[in-house]
Amino acid sequence: MVLQPGERHCGGWSHRRLGPWCSPTGSPAPLSCETGCGEGTWILVCRLLVPTQVSLLSMEEDIDTRKINNSFLRDHSYATEADIISTVEFNHTGELLATGDKGGRVVIFQREQESKNQVHRRGEYNVYSTFQSHEPEFDYLKSLEIEEKINKIRWLPQQNAAYFLLSTNDKTVKLWKVSERDKRPEGYNLKDEEGRLRDPATITTLRVPVLRPMDLMVEATPRRVFANAHTYHINSISVNSDYETYMSADDLRINLWNFEITNQSFNIVDIKPANMEELTEVITAAEFHPHHCNTFVYSSSKGTIRLCDMRASALCDRHTKFFEEPEDPSNRSFFSEIISSISDVKFSHSGRYIMTRDYLTVKVWDLNMENRPIETYQVHDYLRSKLCSLYENDCIFDKFECVWNGSDSVIMTGSYNNFFRMFDRNTKRDVTLEASRENSKPRAILKPRKVCVGGKRRKDEISVDSLDFSKKILHTAWHPSENIIAVAATNNLYIFQDKVN
Amino acid sequence: MLSKGLKRKREEEEEERETLAVDAWWLDPSHAAVAQAPPAVASSSLFDLSVLKLHHSLRQSEPDLRHLVLVVNTLRRIQASMAPTAALPPVPTPPAAPSVADNLLTSSDAALSASMASLLEDLSHIEGLSQAPQPLVDEGPLGRPAGGASPSLGALDLLGPATGCLLDDGLEGLFEDIDTSMYDSELWAPVSEGHKSSPEDGPGKEVGPDLDEAELDYLMDVLVGTQALERPPGPGR
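Residues numbered from 1 in each chain as written. Chains lettered and ligands numbered in written order. Predicted model: local features only at pLDDT ≥ 70, side-chain atom pairs only at ≥ 80, totals over all residues. Heavy atoms only, no water.

If you look chain B up in an unreviewed UniProt entry, it shows as SERTA domain containing 1 from Moschus moschiferus.

Labelled according to an unreviewed UniProt entry, chain A appears under the name Serine/threonine-protein phosphatase 2A 55 kDa regulatory subunit B, originating from Moschus moschiferus. Of the comments in the UniProt record for chain A, the one headed Sequence similarities (unreviewed entry) reads "Belongs to the phosphatase 2A regulatory subunit B family." (UniProt positions renumbered as here; feature names shortened; annotations may be inferred.)

This is the structure we're talking about:
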């Protein structure tokens, strides 16, 4: 599927350009910023939507896109479940931002080029490419439908003019090449301008086709399909620092692939017990070390992290390091195990630390200390007394992701009510922000939010009982070098940046 | 009622499960957690809730393994706290998860025996099914609440012995003409081994016959739904 950059494609995403920028006002937020971008004040750059209904109108070419934007995009009832964003990932330079959704689509946004005339446009992302990565499949043997939902996207580092990314659903990983084409060959001998074959008898001279410039086209083509290697649901993929291999992890196994070979993979972790009756733990996430191509970690549903060295043995069932925090006896409950289940694990950019997310906290671990984390941050501890209700409505099983900023000084994760939290590891300050339509004015400054846990509720606070548990921020991403973040809220993608003075 | 600091006898099969500590800290009233702990009544509703969740999870065509494992483990904790003195019923097992799921699947596939013949040849490559000791034998005539629950339905033992309606004889006959040599391989657990954990009437079963009937009804629907395509419904249905 081909999309011209800047084109309002109605079959996929539509970028709603917000009105003229207003100059920001307000006081700086408490979060300090270390990259020299000024005080830690976050402003909304753009909000991007996926209104499927718009595609029905795409048949009529003359529809004014602005009219569509204004009349349809406001009404969320038009958004379908297929539009729910299921993964967000910046590429290694931050120039591109990829999202995957429940409908199996991948949408790539490209950062607006900085220009002297429109400095304030910096940080805005436009649609670059949209394609259908995975389709729903039917496993005839088991009579199961395989969901097309994109679980994860991971970029490969750029090595030539094209961009490569891995996208995966529950069973199949695909390598996609996204490339630009701005030239077209013209002057074929056997075909005329419309592509019809010529009668050879009419050809009297031969010419060499020449490349002529054309309007820029962005193409996405599947280069590799890595299938049939996972019995259980794939939850993670991770590109190795050697750029030749990557791993895919499901509930019980982790496989190592070579990018060039699609018909076989090495199984490097297998925690499936001989007798399934003994199964008490599953793999929840896995990631390669950013620099050491032989090292990776994987987390479990019991709140443990194992670090493995592939040089030690072919099958890394025995870990090199085992990270687990002893249970706090005063906090024990029937739900202790569920809330200790790790939903995401991420190496710091430096490779010295790992961060894990469980239901109520984010923890930072030093690779050299296995018996407890070096830092623990409470994401929403006010939910601790509500665990029974959250168990009842299954919210306790929600899987939140977590991310590091480029300098590993700030970590971010999502919560309910479209809240997301940032923790500054140096100043130990934290902030709660909200990704909501109400705050969607262009360049609007995000006001820190606060949840009231009891007693008198102040004017701007929200009480725990008023939280909307259907609005959860599970997926976020942080630009690799700048203070630009992408936050996915259902079918909305919010891009915020640190205010630049 | 919760008794104070009563130590329960440790079952042999529980020894490997560290989560079920001998010291019943849940029952110690001086323990901080108990002070906030739900009363005994809530505990039994928590048990019911967990059983329902397990049930719901198993009903999925492809259960979310993580969800299943967490629910089962939580159920074990609740069970252990609820019945400190009585002998625990057979431990609920997630094993059942993939195999019961597969049973439900194969029960609907069974009606399409023609296509099954060719598909069975590929079974050895499909690891997911290989865990079920008796993937095909477990099906039986509609709605027969067999007393002997299939060993692979360990998790459903929790609900009472009558839920094993997928089991028993009947299905073997369907596949007589199919090469079953693969089932004689050591991948498959021997039948005798499987039956060792047939359920006793465990104490403390909070679920009544209603749940079992619901289970039967559901399975009947599945079977009748597919079989209706092939032959008219049997008498009395």
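**Student:** Explain the overall build of chain A to me, and be specific about the residues and the numbers.
**Tutor:** If you tally the helices and strands in chain A, you get four helices and 33 strands. By residue count, 53% of the 501 residues in chain A fall in the buried class. Residue pairs at least 24 apart in sequence account for 57% of intrachain contacts in chain A once pairs closer than 6 positions are excluded. Accessible surface for chain A amounts to roughly 22600 Å². Of this, 48% is attributable to carbon and sulfur atoms. (Helix = DSSP H or I, 4+ residues; strand = E, 2+ residues; numbered from the N terminus. Buried < 20%, exposed > 50% of the residue type's maximum accessible area, 1.4 Å probe, protein only. Contact = heavy atoms within 4.5 Å. Areas by Shrake-Rupley, 256 points an atom, 1.4 Å probe, with all protein chains shown as cover.)

**Student:** Outline the nonpolar core, listing residues and values.
**Tutor:** Grouped together as the largest cluster of nonpolar side chains are 35 residues, with contacts concentrated most on Tyr359(A), Leu383(A), Leu390(A), Tyr391(A), Ile396(A) and Leu467(A). Mapped onto this core, the elements with two or more residues apiece are α3 (336-340) and α4 (387-392) of chain A together with α2 (40-59) and α3 (65-82) of chain B. Setting aside residues up to four positions removed in sequence, Ile396(A) forms contacts with Phe335(A), Ile338(A), Ile339(A), Tyr359(A), Leu387(A), Leu390(A) and Tyr391(A). Counting residues in hydrophobic clusters, the runner-up holds 18 residues, among them Ala435(A), Ile473(A), Trp478(A) and Tyr494(A). (Core = buried A, V, L, I, M, F, W, Y, C linked by side-chain atoms within 4.5 Å.)

**Student:** Kindly report on the pattern of salt bridges, identifying the contributing residues and their values.
**Tutor:** Residue and element names in this part refer to chain A. The tally for this structure, following the rule as stated, stands at 31 salt bridges over all chains. With its nearest N and O atoms 2.8 Å apart, the salt bridge here joins Glu375 to Arg425. A residue pair is termed long-range when its members are at least 10 positions apart, and Glu375 in strand β24 (residues 375-378) and Arg425 in the loop between β27 (419-424) and β28 (430-434) qualify at 50 residues. For Arg425, a relative accessible area of 10% corresponds to the buried category. Residues Asp465 and Lys386 are paired through a salt bridge, measuring 3.1 Å at the closest nitrogen-oxygen approach. (Salt bridge = Lys/Arg side-chain N within 4 Å of Asp/Glu carboxyl O.)

**Student:** Quick one: what's the story with the environment of Glu148(A), residue by residue and with numbers?
**Tutor:** All names here are of chain A. You can see Glu148 is positioned in the loop between β8 (144-146) and β9 (152-155). A residue is classified by how much of its surface remains accessible, and Glu148, at 18% relative accessible area, is buried. Through-space distance from the C-alpha of Glu148 to that of Ser133 is 8.4 Å; in sequence the pair is 15 residues apart. The residues contacting Glu148, other than those within four sequence positions of it, are Lys102, Gly103, Gly104, His134, Glu135, Pro136 and Asn169.

**Student:** If you had to explain the sheet that holds strand β4 (residues 96-101) of chain A to someone new, which residues and values would you point to?
**Tutor:** All names here are of chain A. A sheet is described by the order of its strands in space; here four strands give the open sequence β3-β4-β5-β6, paired in antiparallel fashion. For this open sheet the edge positions go to β3 (85-90) and β6 (125-132), each flanked by a neighbour on one side alone. Going across the sheet, the axis of each strand differs from the next one's by a mean of 20°, ignoring polarity. Bridge count between β4 and strand β5 (residues 105-111): five bridges; the pairing is antiparallel. Its bridge partner being in β5, Leu97 is matched across the sheet by Phe109. (Pairing = 2+ DSSP bridges. Axes fitted to C-alpha atoms, helices over the stretch in contact; angles between N-to-C directions.)

**Student:** An account of the environment of Pro273(A) is requested, with residue identities and associated values reported.
**Tutor:** All names here are of chain A. Mapped onto the secondary structure, Pro273 falls in the loop between β16 (266-270) and β17 (283-288). Along the chain, Pro273 and Leu252 lie 21 residues apart, while their C-alpha atoms are 9.1 Å from each other. In this view, Pro273 contacts Glu278 and Leu279; residues no more than four positions away in its chain are not counted.

**Student:** How would you explain the pairing of strand β33 (residues 492-498) of chain A if you had to name every residue and give the values?
**Tutor:** Residue and element names in this part refer to chain A. The element β33 is largely enclosed, with a buried count of seven among its seven residues. Burial along β33 is two-sided: the face carrying Asn492, Tyr494, Phe496 and Asp498 and the face carrying Leu493, Ile495 and Gln497 are both buried. Of the pairings in the sheet, the one linking strand β32 (residues 484-489) to β33 comprises six bridges and is antiparallel in character. When the sheet's bridge partners are listed, Ile485 is paired in β33 with Phe496.

**Student:** Which residues make up the confidence of the model for chain A, and what values go with them?
**Tutor:** All names here are of chain A. Confidence along chain A averages 84 in pLDDT terms, with 83% of residues attaining 70 or more. In the predicted structure, residues 1-39 sits below a pLDDT of 50 and forms 112 contacts with residues beyond four places in sequence or in another chain. Considering only residues more than four positions removed or in separate chains, one finds that residues 51-78, a stretch of pLDDT under 50, has 35 contacts. (pLDDT = per-residue confidence, 0-100.)

**Student:** So what's going on with unusual backbone geometry? Residues and values would help.
**Tutor:** Residue and element names in this part refer to chain A. We note that Asn228 has phi near 60°; this positive angle belongs to a residue other than glycine. Summarising the element assignment, Asn228 is placed in the loop between β12 (210-226) and β13 (236-239). The phi angle at Lys428 is positive, at roughly 65°, despite the residue not being glycine.

**Student:** Which residues make up the confidence of the model for chain B, and what values do they have?
**Tutor:** All names here are of chain B. Here chain B shows a mean pLDDT of 53. Residues at 70 or above account for 22%. Every residue in residues 10-42 is under pLDDT 50, and counting partners more than four places away or in other chains gives 43 contacts. Low pLDDT (under 50) marks residues 86-170, which in the prediction has 221 contacts with non-local residues, meaning those over four places away or in another chain. Both confidence scores are given for the complex: pTM 0.68, ipTM 0.83.

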